[in-house]
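# Architecture and fold: a report
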Amino acid sequence: MLVYFLRRILWAIPVLWLVATITFFIMHVVPGGPFDREKKLPPEIQANIEAKYHLDEPILIQYSLYLKGLLKGDLGPSYKYVGRTVNDVISDTLPVSIQLGLVALLIALIVGLITGITSGAFANTIWDRMSMFFATAGISIPSFVLGALLILIFSHYLKLLPPALWENARSVILPACALGLAPAAYIARLIRASILEEKHQDYVRTARAKGFSEMMILLRHVLKNAIAPVVTIIGPLTATLVTGSFVVEFIFSVPGMGQFFITAVTNRDYPLIMGVTLVYAALIVLANLLVDLLYPLIDPRIKLE
Amino acid sequence: MIISLVFIIALCVISLLGDFISPYAHDLQETQNSLASPSFEHWMGTDELGRDLFSRLIYGTRVSMAVSLLTALSALFLGTCYGAISGYVGGRVDNWMMRGIDVLYAIPDLLLIILITVVIGRGITGIFLALSLVGWITVARLIRGEVLRLKENAYVEAARAFGATHLRILLRHILPNTIGVLIVTLTFRIPSAILAESTLSFIGLGLTPPAASWGTLANEGWKALKFYPHLILFPSLAIFITMLAFNFLGDGLRDVFDVNQEK
Amino acid sequence: MNRFLALLIALSLGLGFLWVANQKEESGNFSAFRMNLSSEPPTLDWSLATDNVSIRVIENLMEGLTEYDAELRPIPAIAKRWDVSEDGRVYTFYLRPDVYWSDGLQVTAQHFEYAWKRLLNPKTASEYAYFLYDIQNAAEYNAGTIKDAALVGVKTLDHLSFQVTLKKQAVYFPAITTFTATFPQRQDLIEKYGDRWTDPAYLVVCGPFLLKEWHHEYRLTLVANEDYYGGRPSLDRVIFYVVSEETTALTLYETGDLDRVTLPPIAIPKYKSHPDYVQAPFLRGYYYGFNVEKAPFDDVRVRQAFSMAINREEIPRILKGGELPATSWIPAGMFAHNPTIGLSFNLKKAQRLLTEAGYDSGSDLPPITLAFNTDPTNRLLAQNIQAQWKRNLGVSVLLDNMEWKVYLGQLKQDAPQVFRLGWGADYPDPDNFMNLFTSTSGNNNTRWGNPDYDRLISEGASELDASKRLHLYDKAQRILTESDAPIMPLFFAAQNLLIRPSIEGLTINAMDLLSLKKVRLKGEIH
């Protein structure tokens, strides 16, 4: 167990290194530089700025400088936000994304499990149809449309919730819904399919033969096994949710980290692009590891390799 | 499922014959009559430049269907090749190929898509390449799993005993058995490609105007939700019904092929 | 399984709502003005700030030698008066003796000298260093050809007199000193705190407001400076929220969370009759440029024909924001604005010019691409212009949109045949608009150059006599938009705002500068 754990942790290092390398070089292939502006700079000034950030060095030198910093845990200065390091930017915004992401995860799990289980338990009834209709709606509405719709209904007409900003606990509800409903729909579909499949297993027939009620079988046996695929996706899902979403943060003015997946690219803020990518990658690797560790607890049939 | 199939076929027909169906040219501007609500002349109203939304939606059908079908197919192709080789060869090669996927999986999709679209450039090709390059990873994992399972079957052993080449075994005996998984995957990848394309439009990396897709139309419309709801209602409905159709078709096909998968 | 699920739910609940406890709701009666910024301010260091978001915050924290009045004329601020030498090259500014930094130190000429030399120092790598390039040896020092900062033409005469020597006469110079990049700075603090000197904990200013809090990516809170030399402002607080999405900002205005908001274009028609609606001109021009080295635009007649084939009256109908159609380049509200200049809509003449250039019909032309950076306004307009060229000249033009930085790179390396650009005033003088297209300008992407034009612009910059100056710019504009036509101006922009009626004393000026020191709140207190 411990050996397995250590081996996985060690494996994370080359993964992160490769992620860093790939991103670094793709990023530099992208045309346009961080200091290109509408009002053009005199070449002298452009040269001064590039020298300040080592952008005048050959690309391989820049790469090795970056890796050196990375080993020390230094993600470098942000090109766009003067005087702030990428570490600063991430430590300012990641906690917000984590808060929002966890609430969204909660919504996704509660809504997803309830809908999915209802659907699976009463397969091919009107409840099933309705739940699946909802689930399809959830994955087919673009998140920006969903966000705009939520604001219009709950803030504008019903005046129940704040439309945006990040002032108090009520601020989190709408963006968390906008973020969590699509995964909720996905979880619902997943758990439904999984329940239907488990229902054909031998042990269910045995239980039925023993005279257990359908409800009892569902709760005691089927669900226990059907939950496994959900656990598998919870890992990467959590990592995605807590690193934030550009669309949701943009529409609801949430000061989270997700915005940088886009704005760091449009600003060509190279160190920030690297920073958010590495945080995301590290969380994905960590989440998958946790899932693998949890797996045997949920399903005793599975053992770690 | 039948309804879904009929609907999807209808969509394909609309895509092909769009020019004959649409009442106006998709780029005809009547600036005097911009942002008009739905009426007899314009069933779905007009947009900011006074173009007929119904005609634009029909035009968009072709673009959206083409982009999503192509990306889904190419993601499927790439993913199948990678997954099949990895699963069939197995051992150390498999191990390394899967680790490679781990790395790609750890790079945020959206970031990768943006970087690729910006590098490759504008228009349909950029979007198509970016979406396919991101989409194949899950397919590869899926197919690898299938191949790992199938290659243990007795008939593969038998074929090998008769001296069939690896390529022949893979192409003739293993891959045909994954066709069910592939078709089901396809029906799920198409809708997600439609959505991904709309997100790209949102970020400003969508199609070059005056071309339109459902994604660009939804993106032009969502800000007007409160003021001109027709601009967002119809594109959203089109996306929604299509997703519904593909999903039901996928579920139906899964039952037909008895495929045990979801992911 | 159940235990695991319970654990997970408890965990998310706990973490998700932990911050609720941390969130302190600030209460108390204070008058606050709340508005949105379109992005996080990249920096509050006024030597490095180049974007309007940062400048919006800085202009309320700091003050310079001069400031604009409501008509955008430079008037005394920290400088109580200034002298100009006979030849117009030497400016001497005399500072008010009663201006103090928020840590109690007096503002002196040394602070200006330090700030200007810091701006020009190549190590500072300031993008706006060129604002001071009119000063003797400034450009050379910034480029590194002169190493000694003492040679730059700025000098502290005594601690309240500051002297500037220009390379040559520049009539707009007192307008330059209103600009945030020229505000004074404290060497002791910048050296002590390095890059962090703009943190709320360290930032020392001398303007009407002080920076209380800077919650990155979210909110900046300013409080009234009790010791401001112009008298304590009436507002207790100014709160800037970072809200990038215009529609969201509009909703926040309607829910009462913001006091001033810019209307998104799509909403303008619906708010035209709203009591809070305000429309004001904007010193911002929008044009299409031609790359004069690429066929068919190497022929001036084709450029003229393309410009004449556009009915600019359609533009405000599409964009709906009160845009002023334009055929000339110096915007309305600026000296030397002359709407009679330029090529107005004339179909017959446009077709004749095209024929003369050897293209009997539009289909004879080589393929033409119109490029723009991706943006809803640019998208709309480009599609309309494309349709007009098709309709009026029979020309099929392809559109090409690019992401902003890619677009800028493309303009620099290989400008497309037709490209869109705009220009917003840095200072309200025609020189700022007209020198864009001199043959040496880095902002001239047309590859066009005309020595006559260059000479007119150079003379215009130093001409003191208003009527002579007007004449020079009229001549220059005729070359730019009529006889040589390397660009076709399209419109001057307008501002479309909602401002809460309880806000008094908010002047809206054509450069979108927003000084809040005179703003008062009527009646209600938030």
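Here, the structure is the one placed above.
Notes on the structure in this doc start here. On a predicted model such as this, the values are computed, not experimentally measured, just so you know. (Residues numbered from 1 in each chain as written. Chains lettered and ligands numbered in written order. Predicted model: local features only at pLDDT ≥ 70, side-chain atom pairs only at ≥ 80, totals over all residues. Heavy atoms only, no water.)

### Section: the overall build of chain A
Helices and strands together make up the secondary structure of chain A, namely 13 helices and zero strands. Ordering the α and β elements of chain A from the N terminus gives α-α-α-α-α-α-α-α-α-α-α-α-α. Dimensions of chain A along its principal axes, counting C-alpha atoms only, are 85 × 55 × 30 Å. Burial statistics for chain A: of 305 residues in total, 58% are counted as buried. For chain A, long-range pairs separated by at least 24 residues make up 72% of all intrachain contacts whose partners lie at least 6 apart in sequence. Taken as two groups, the 24 positive and 20 negative side-chain charges of chain A have centres that lie 9 Å from each other. (Helix = DSSP H or I, 4+ residues; strand = E, 2+ residues; numbered from the N terminus. Buried < 20%, exposed > 50% of the residue type's maximum accessible area, 1.4 Å probe, protein only. Contact = heavy atoms within 4.5 Å. Lys, Arg positive; Asp, Glu negative; His and termini not counted. Charge placed at Lys NZ, Arg CZ, Asp CG, Glu CD.)

### What about the interface of chain C and chain A?
Counting residues at the interface gives 63 residues for chain C, matched by 56 residues for chain A. Buried area between chain C and chain A, both sides added, is near 5,500 Å², and the carbon and sulfur share of it is 63%. Counting across the interface, chain C meets chain A through five salt bridges. Between E403 of chain C and R268 of chain A there is a salt bridge, with its nearest N and O atoms 2.8 Å apart. Those elements that place two or more of their residues in the side of chain C that touches chain A are helix 1 (2–22), helix 4 (138–143), strand 10 (237–242), helix 7 (246–254), helix 13 (404–414) and strand 16 (418–424) of chain C. For the side of chain C that touches chain A, the leading source of residues is helix 1 of chain C, giving ten residues. In the side of chain C that touches chain A, the residues fall into 29 nonpolar, 18 polar and 16 charged. (Buried area = accessible area lost by both parts, 1.4 Å probe. Salt bridge = Lys/Arg side-chain N within 4 Å of Asp/Glu carboxyl O. Nonpolar A, V, L, I, M, F, W, Y, C, P; charged D, E, K, R; others polar.)

### Re the sheet that holds strand 7 (residues 161–165) of chain C
All names here are of chain C. Spatial strand order, 4-5-7-6: four strands in an open sheet with antiparallel pairing. Taken across any chain shown, the strands that pair with only one partner, and hence form the sheet edges, are strand 4 (79–84) and strand 6 (154–158). Averaged over all pairs of adjacent strands, the angle between strand axes in this sheet comes to 20°, irrespective of strand direction. (Pairing = 2+ DSSP bridges. Axes fitted to C-alpha atoms, helices over the stretch in contact; angles between N-to-C directions.)

### Overview of the interface of chain A and chain B
Contact residues are listed per partner, giving 45 residues for chain A and 37 residues for chain B. Both faces considered, chain A and chain B share a buried interface measuring about 3,800 Å² in area, 81% of it formed by carbon and sulfur atoms. Among the residues chain A hides against chain B, the three largest losses belong to W11, F144 and R189 of chain A. Together they make up 16% of the total. Summed over the shared surface of chain A and chain B, the number is zero salt bridges. Mapped by element, the contributors of at least two residues to the side of chain A that touches chain B are helix 1 (2–29), helix 5 (126–140), helix 6 (143–157), helix 7 (173–199), helix 11 (246–252), helix 12 (260–266) and helix 13 (270–298) of chain A.

### A short note on the side chain of T438 of chain C
For T438 of chain C, the position within the fold is in the loop between helix 14 (430–434) and helix 15 (451–462). Every residue in contact with T438 of chain C, bar those within four places of it in the chain, is listed here: N444, Y453, D454 and I457 of chain C.

### So, the packing of helix 7 of chain A against helix 10 (residues 228–242) of chain A
Residues and elements named next belong to chain A. Running from N to C, helix 7 and helix 10 cross one another at 170°; their axes reach a closest spacing of 10 Å. Our classification of the angle between helix 7 and helix 10 gives roughly antiparallel. On helix 10, the residues touching L179, P183, Y186, I187, L190, I191 and S194 of helix 7 are P229, V230, I233, L237 and L241. Of the residues in the contact of helix 7 with helix 10, the class split is eleven nonpolar, one polar and no charged. (Parallel < 35°, antiparallel > 145°, perpendicular 65-115°, else oblique.)

### As for the nonpolar core
W116, I135, V164, W329 and L516 of chain C are the most contacted members of the largest nonpolar core, which totals 307 residues. Examining the composition of this core, we find that 14 residues originate from one element, helix 4 (residues 86–121) of chain A, more than from any other. Filtering out sequence-adjacent residues up to four positions away, W116 of chain C remains in contact with L65, L132, I135, V154, F162, V164, F173, T177 and T182 of chain C. L343, L380, I385 and W389 of chain C belong to the second largest nonpolar core, which has 39 residues in total. (Core = buried A, V, L, I, M, F, W, Y, C linked by side-chain atoms within 4.5 Å.)

### Section: the pattern of salt bridges
Applying the stated criterion to the full structure yields 47 salt bridges over all chains. For K226 of chain B, the salt bridge is made with E254 of chain C, and the minimal N-O distance between the two is 2.9 Å. Separated into two different chains, K226 of chain B in the loop between helix 9 (214–221) and helix 10 (230–257) and E254 of chain C in helix 7 make up a pair that spans both. A residue is classified by how much of its surface remains accessible, and E254 of chain C, at 33% relative accessible area, is partly exposed. Where salt bridges share partners, they join R84 and D92 of chain A together with E40 and E217 of chain C into one cluster.

These figures capture arrangement, not role.
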